[in-house]
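Report on the structure
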Amino acid sequence: MKRKIAEIIVVEGRDDTANLKRFYEVETYETRGSAISQEDLERIKRLNDLHGVIVFTDPDFNGERIRKIIMAAVPTAKHAFLNRDEAVPGSKTKGRSLGIEHASFEDLDRALSQVLGVAEEQSRFDITRSDLIRFGFLAGLDSRKRREYLGEQLRIGYTNGKQLLKRLEMFGISLAEVEKVMEGYE
């Protein structure tokens, strides 16, 4: 059974997320590389207020740059660190970049164990897939437009239909909030 991590882990990309999800039950926020926007920082602040955030970036120049930007914007965020030798690819075919995606379970666990909180089992999330269909976020002619509107109004970013439920839960959005936002949709 995978260990559940209560906090949201901020990583650089989907390969980092994939490696963490191999070993943990975890939600991540991906900065998509070194380009971190003001919107990203606002979302990270919100996630930190809701769940707590652990910044877990690569031990290279760009990873440290992202870490410093987040540290300035969200000073209460926790930070996990890998040593450079723990983030080296296992084979020459994986390239030469350092990254969370190359770390072993032991190295990830050692880095994260310093900052992990205790997962809460109780969730008050009240939105279902049926609700998403009812609001036209899935399988409708203008589903994408509706999801874009919702993401913009709630300031949680755009997501596809498959990921919408997870994103709403991660940001602690209630059914009442979605209903209120969608009243203004034209």
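Residues numbered from 1 in each chain as written. Predicted model: local features only at pLDDT ≥ 70, side-chain atom pairs only at ≥ 80, totals over all residues. Heavy atoms only, no water.

**Quick word on the nonpolar core**
The biggest cluster of nonpolar side chains holds 31 residues, and the ones touching the most others in it are Ile70, Leu150, Leu168 and Val178. Every element with two or more residues in this core is listed here: β1 (3-11), α2 (38-50), β3 (53-55), α3 (61-73), α6 (143-154), α7 (161-170) and α8 (175-183). Ranked by residues supplied to this core, first place goes to α8 with four residues. For this core, the domains that each give at least three residues are domain 1 (1-115) and domain 2 (127-181). (Core = buried A, V, L, I, M, F, W, Y, C linked by side-chain atoms within 4.5 Å. Buried < 20%, exposed > 50% of the residue type's maximum accessible area, 1.4 Å probe, protein only. Helix = DSSP H or I, 4+ residues; strand = E, 2+ residues; numbered from the N terminus. Domains from an automatic or database assignment.)

**Side note on the pattern of salt bridges**
In the structure shown here, the tally under the stated rule is 13 salt bridges. We note a salt bridge from glutamate 25 to lysine 4, for which the minimum N-O separation is 3.8 Å. Within this pair, whereas glutamate 25 is found in strand β2 (residues 24-30), its partner lysine 4 is found in strand β1, the two being separated by 21 residues in sequence. Aspartate 40 is the partner of arginine 32 in a salt bridge, and the nearest nitrogen-oxygen pair spans 3.5 Å. Using a relative accessible area of 56% as the deciding quantity, one classes arginine 32 as exposed. (Salt bridge = Lys/Arg side-chain N within 4 Å of Asp/Glu carboxyl O.)

**Considering the sheet that holds β1**
Strand order across the open sheet formed by four strands is β2-β1-β3-β4, with parallel pairing between neighbours. Each edge of the open sheet is held by one strand with a lone partner, namely β2 and β4 (78-79). Of the pairings in the sheet, the one linking β1 to β3 comprises three bridges and is parallel in character. The residue of β3 that forms the bridge with isoleucine 9 is isoleucine 54. Contacts from α2 reach β1, β2 and β3, with the element oriented near 145° to β2. (Pairing = 2+ DSSP bridges. Contact = heavy atoms within 4.5 Å. Axes fitted to C-alpha atoms, helices over the stretch in contact; angles between N-to-C directions.)

**Brief notes about the pairing of β2**
Pairing between β1 and β2: six bridges, direction parallel. Pairing of isoleucine 8 across the sheet is with glutamate 27, part of β2. Read as a crossover between parallel neighbours, the route from β1 over helix α1 (residues 14-23) to β2 is right-handed. (Right-handed = clockwise from strand over helix to strand, strands pointing away.)

**Points about α3**
Each α-helix turn comprises 3.6 residues. Residues three or four places apart therefore point the same way. Taking 1.5 Å of rise per residue, 13 residues should cover 18 Å, and α3 covers 19 Å from first to last C-alpha, within 8% of that figure. Buried within α3 are the following residues: Gly63, Ile66, Arg67 and Ile70. In an axial view of α3, the angular spread of the buried residues amounts to 100°, which keeps them on one side of the axis. Of the exposed residues in α3, the ones pointing more than 90 degrees away from its buried face are Phe61, Lys68 and Ala72. Its buried side turned inward, α3 meets β1, α2, β3 and β4. (Expected span 1.5 Å × (residues − 1). Arc of directions from axis to C-beta.)

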